[in-house]
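Results of the structural survey
Okay, here's what each chain looks like letter by letter:
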Amino acid sequence: MSSLVELVLLVLVAFLWLIATRVCSQSQLEPQVHGLFIFGDSLIDNGNNNDLPTLAKANFWPYGIDFPQGTTGRFTNGRTYVDILAQLLGFPDYIPTYSRIQGRTILRGANYASGAAGIRNESGKLLGANVPMREQVARFGRTVQVISRRYFRGDYSELMGYLSKCIIVSGLGSNDYLNNYFMPHYSTSTVYTPKAFAASLLEDYSSQLTALYKFGARKIIVAGVGQIGCMPYQVAQYSTGRNCNGSRCNEEYNNAVDLFNTGLRKLVDRFNSGHELPGSKFVYIDLNQASKDLILNGASYGFEVVDKACCGVGKTNGLCLPLQQPCNDRTKYLFWDSFHPTEAANIVVANKSFYSNSPSYAYPISIHQLAML
């Protein structure tokens, strides 16, 4: 009799273990949010510029040399910041470009980012065509219409229930300075002081983020602009400015974007007050402090070279040339080309902003905490 009881108990334990294992496995495979929708520039573009008439392209080797799918149009050697973020959120695949979404994959999100794009429509246009923030937002609106019609049969409450569990990532502003304000072909620097230009940018950005909210976005991540004056292209171009870990940075650029970043963080506080966009939650990713940290303390993260690019080095060549041989050990370089970080740098920033409780990376909460809301 006792042996029969023991047998039954063993079967029961085995059954419970099997159920627990399956539940655990399913939870590991299930993303923490329903969808991830991405807006930005070349830092997070994953191929949207491939079919555009523009010089801002990365659909050739050695770009993607360390990416599992090879050359895709990503402006780095491997994964971008949002590729890693998608993995941290539990998505089994990378978020596809807007033009390549098929079927139900649309529910997992879309990447609208475009190399050289800015908050202002004209930014980056000297390089050729791009998809500016305003058009990226419009494409999100069309995406929401498709999702509503195909999968929720126009049920607004069901649609909003879905969208409230999605995360939106927006990272723009660099090209409004690099390929607009500080470019002599544009008149913005003669029309605006740095303070006035930052205010104008923030006004436009506020309108575009509000449009995302009206389309249903509720969990929104906005990234500031990094230390663009310390990029290898600027270091090669300029010999003046404050010493930055042995490198000479263009502090005029850094000081200008500081005004924008300070205003963007205040905008996040304003939106989070709940008066303008009730029910929303914004997180600010401080790429300015993050990039400063990586430049000044690169050695603590394993970076041996923080002022030169793995490829595309020089005063006239910011991007890698087709078939150019890059450095051998990309993990020791902070910058891939003269504008964009390596996958190794993206990994550090993505993990810090996802898990860290430090406002130096994510404010007022981490991305992981945002996903859990």
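Residues numbered from 1 in each chain as written. Predicted model: local features only at pLDDT ≥ 70, side-chain atom pairs only at ≥ 80, totals over all residues. Heavy atoms only, no water.

**Overview of the packing of aromatic side chains**
Applying the stated criterion to the full structure yields 23 aromatic pairs. Both rings, one in Phe37 and one in Phe140, keep their centres 5.3 Å apart while their planes meet at 70°; by these two values the pair is edge-to-face. Of this pair, Phe37 sits in strand E1 (residues 36-40) while Phe140 sits in helix H3 (residues 133-151), and the two are 103 residues apart along the sequence. Residue class for Phe37 comes out buried when judged on its relative accessible area of 0%. Among the residues examined, Phe140 registers a relative accessible area of 0% and is labelled buried. The ring of Tyr363 is capped by Arg265, whose NZ or CZ atom sits 3.7 Å from the centre of that ring. (Phe/Tyr/Trp six-rings, centres within 6.5 Å; stacked < 30°, edge-to-face > 60°. Helix = DSSP H or I, 4+ residues; strand = E, 2+ residues; numbered from the N terminus. Buried < 20%, exposed > 50% of the residue type's maximum accessible area, 1.4 Å probe, protein only. Lys NZ or Arg CZ within 6 Å of the ring centre and 35° of its normal.)

**A closer look at the nonpolar core**
Judged by nonpolar contacts, the single largest core of 94 residues is most densely connected at Phe37, Ile167, Tyr177, Leu209 and Phe260. Those residues within four positions of Ile167 in sequence are excluded, and the remaining contacts are Val33, Gly35, Leu36, Phe37, Leu89, Lys219, Ile221, Ile367, Leu370 and Ala371. Counting residues in hydrophobic clusters, the runner-up holds ten residues, among them Tyr63, Phe75, Cys310 and Cys311. (Core = buried A, V, L, I, M, F, W, Y, C linked by side-chain atoms within 4.5 Å. Contact = heavy atoms within 4.5 Å.)

**As for the state of the cysteines**
Taken as a whole, this structure holds three disulfides when the rule is applied. Two residues, Cys230 and Cys249, share a disulfide whose sulfurs are 2.1 Å apart. A torsion of 115° about the S-S bond marks the disulfide between Cys230 and Cys249 as right-handed. Here Cys230, found in the loop between strand E4 (219-223) and helix H8 (232-237), pairs with Cys249, found in the loop between strand E6 (247-248) and helix H9 (251-272); they are 19 residues apart in sequence, far enough to count as distant. Assigned by exposure class, Cys230 and Cys249 land together as buried. Cysteines bonded in the protein are numbered consecutively along the chain; their disulfide partners then correspond to 1-2, 3-6, 4-5. (Disulfide = S-S within 2.5 Å.)

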